[in-house]
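Breakdown of the fold
What follows is the residue order along each chain.
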Amino acid sequence: MPPHLSADRPAPQPPERDAVDVLIDQTLRLRGNVDAVRRDTVLMDEDDPQLLWQRALCELAVHHLDDLGAHLGQLKEGLPPGDAEQLAEDPEAAQEKPFDEPQPGSLLSRVGSAEWNLLTDEVSWSEELFQIFGRSPQAGPLSLDELPSMLFPEDQPLLTSLVTACLVDGKPIDGEFRILRADGPMRTLHMMGEPVLDADGCTASMWAVLRDVSELRRSQRVVGRTRESIRRHQHMAQTERRMAVELQETVLPPWRGSLRLPQQGPGALDVASHYLPSDSSTLIGGDWYDALELPDGRTLLTVGDLTGHGIPATTAMAMLLGALRGMAVAGIEPGALMGHLNQLLQSSAQPALGSAVCCRFDPATGTLAWSQAGHPAPLLFRDGAGRPLPPPDGVLLGAASGVAYEQDEVHLLPGDVLVLHTDGLTRRSDRGAGPEALLGLAPRFAEARTAQECVRTVVEEFGGTERLDDACVLVARIGA
């Protein structure tokens, strides 16, 4: 295939073989690493857009590296010695020598060349180009007038424009179009070419290299589709998170800082709380906390957690917390209240499991009556030491129907600190589960003067570490 004529351009020098060998070795190693990543991208969920996008991107990268390796291999080998000698002695005879049959799917089988002579109307195609077009060499090559007949109708104007600009204005060709082969399949071809000028500077012929980029474009389309799928998924997740956060903020207590309950009288509770979102999930969980002054002067303290994340979990949490508040205001005891919550969750249209602790504190007697449903027991801190309260029997909410929940009582003294929390606070990836880390804060709680200082201590200890789930903490300090 004759190159674009240029008498002023020096002949390019072949690259050093050692440098090419280094590039080939680097390409092979990189190809192996990318292929290993592709194999490790196991599609556990066929609908997961993130995994689909990762797999498609790896396949596209492997495709590019295969092409690069084939190019470098050709660069290293150069022309066979016999062909080089024959090309120097008899260029026309060398051009007539048949090509070796390329391997199916190899780079050589996807790249072909052509020349259209405008003076003699002679057309020459390489063997590979016949294969790309699915055309028999006996049928002969296609002229520039016949070539558009192989293209999709909507792509024909593009090819006409490219060829006209090349022949009339001397512009290089660089474009893509789709062809429909006689044997059925559609292929996408990338065409690059230039005009060949005669001694007078007039266009004598046009040469071109056509590459079958069908598989490459297919891989790129898959990457594009999966990328769009990820964007849609992320947008939906962000929307759901925003709605869940708004619902959670609407349902949970609006007070910030310390709260005195009841607001008047001796033995009042100094209450503070905090919600800690999960570091491993972008969705809001079903955790709740609440402190409420009851009509009889006693105080409700509760924390809980529902399984799941997102809008379903926050919706169920809102329903459960609303029912809990209503029954507490109606004077229902903590044990019986838990039984009603269990029945409510059992009959819900969206069944779920939940854990909770419900406490009712009487400031007149210093008595704390409480019940729990599969939840971590409250921690009592007194005189610089902490311990969990012995839990009464109670299974998870929604786990079984018709179960009874026991109720226990404990007497609290002025200066005692009571800590209620969900299990996400102490269930962390960098240490074992359990309340030991919270109990270790006893000396600092003893020095704290308010419940808010105790909450701040908990946040300092647990707020900067990775948690596997959302968490709530509520601290109540018994006043004198």
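Anything mentioned here points back to the structure above.
So, here is what we can say about the structure in this document.

About the thresholds
- Along every chain, residues carry numbers that run from 1 in the direction the sequence is written.
- For this predicted model, a pLDDT threshold of at least 70 governs which residues receive local features, and a threshold of 80 or more governs which side-chain atom pairs are given and counted, while totals over whole chains, interfaces and linings are taken from all residues.
- Side-chain descriptors were evaluated using all non-hydrogen atoms of the structure, hydrogens and water having been removed beforehand.
- Any two strands with at least two DSSP bridges between them are considered paired.
- Secondary structure elements are defined from DSSP: runs of H or I of at least 4 residues count as helices, runs of E of at least 2 residues count as strands, and each element is numbered from the N terminus.
- Between the N-to-C directions of two axes lies an angle of 0 to 180 degrees, each axis being a line fitted to C-alpha atoms and, for a helix, fitted only over the stretch in contact.
- Contact between two residues is taken to exist if any of their heavy atoms lie within 4.5 Å; hydrogens are not considered.
- Given a helix with a known number of residues, its expected span is that number minus one, times 1.5 Å.
- Relative accessibility thresholds used throughout: buried, under 20% of the residue-type maximum; exposed, over 50%; partly exposed, between the two (1.4 Å probe, protein chains only).
- Arc, as used here, means the arc of the directions from the helix axis to the C-beta atoms.
- The definition of a nonpolar core used throughout is a set of buried Ala, Val, Leu, Ile, Met, Phe, Trp, Tyr and Cys residues joined through side-chain atoms within 4.5 Å.

Bringing the sheet that holds strand 4 (residues 186–197) into the picture now. Spatial strand order, 2-1-5-4-3: five strands in an open sheet with antiparallel pairing. In this open sheet, the two strands that pair with only one neighbour each are strand 2 (123–125) and strand 3 (173–180). Between one strand axis and the next, the sheet turns through 25° on average, direction left out of account. Inspection of the sheet shows strand 3 paired to strand 4 by eight bridges, in the antiparallel sense. Bridging from a neighbouring strand, L180 pairs with M186 of strand 4. Those strands touched by helix 6 (residues 156–169) are strand 3, strand 4 and strand 5 (203–212), and its axis lies near 145° from that of strand 3.

What follows covers helix 9 (residues 334–346). Between its first and last C-alpha atoms helix 9 spans 18 Å; for 13 residues at 1.5 Å apiece the expected length is 18 Å, and the two agree. Three or more residues of helix 9 are buried, namely P334, G335, L337, M338, L341, N342 and L345. What you see down the axis of helix 9 is that its buried residues fit within an arc of 155°, all on one side.

For helix 8 (residues 310–329), which comprises 20 residues, the first-to-last C-alpha distance of 29 Å matches the rise-based estimate of 28 Å (1.5 Å per residue) to within 8%. Among all positions of helix 8, only G310, A313, T314, A316, M317, L320, L321, L324, M327 and A328 are buried. Take helix 8 and look down its axis: the buried residues cluster within an arc of 160°, on one side only. Just past helix 8, the residue G331 takes up positive phi, approximately 90°.

Next up on the list: the side chain of T188. Structurally, T188 is set in strand 4. Not counting residues up to four positions away in its chain, the partners in contact with T188 are E176, F177, R178, R211, D212, V213, S214 and R217.

Take unusual backbone geometry next. Positive phi values are uncommon outside glycine, yet D121 reaches one of about 65°. Note that D121 resides in the loop between strand 1 (111–117) and strand 2. The backbone of D383 shows a phi angle near 55°, a positive value even though the residue is not glycine. Looking at D383, the relative accessible area reads 77%, which means it is exposed.

Before going further, it helps to spend a moment on the environment of P414. Among the secondary structure elements, P414 is positioned in the loop between strand 14 (408–411) and strand 15 (417–421). Judged by its relative accessible area of 58%, P414 is exposed. Once the C-alpha coordinates of P414 and I478 are considered, the two residues, 64 residues apart in sequence, prove to be 5.0 Å apart.

Attention now goes to the environment of L23. Looking at where L23 falls in the secondary structure, it is placed in helix 1 (residues 17–40). The spacing of L23 and L68 is 45 residues in sequence and 9.7 Å in space, taken between C-alpha atoms.

Before going further, it helps to examine the nonpolar core. Core analysis: the largest hydrophobic core is formed by 47 residues, its most contacted members being W288, L301 and L397. When residues of this core are assigned to their parent elements, the largest contribution, seven residues, is made by helix 8. Grouped together as the second largest cluster of nonpolar side chains are 24 residues, M150, V163, I179 and M191 included.

Another aspect to go through is the sheet that holds strand 15. A sheet is described by the order of its strands in space; here six strands give the open sequence 6-7-16-15-12-13, paired in antiparallel fashion. The open sheet has two edge strands with one neighbour each: strand 6 (259–261) and strand 13 (385–388). The average undirected angle you get between the axes of adjacent strands in this sheet is 25°. Relative to strand 7 (residues 269–276), strand 6 runs antiparallel, the two sharing three bridges. From the neighbouring strand, L259 faces strand 7, where its bridge partner is V271. Contacting strand 7, strand 15 and strand 16 (471–478), helix 12 (residues 451–462) runs over the sheet at an angle of about 25° to strand 7.

From the geometry alone we can't say anything about function, so treat these as descriptive.
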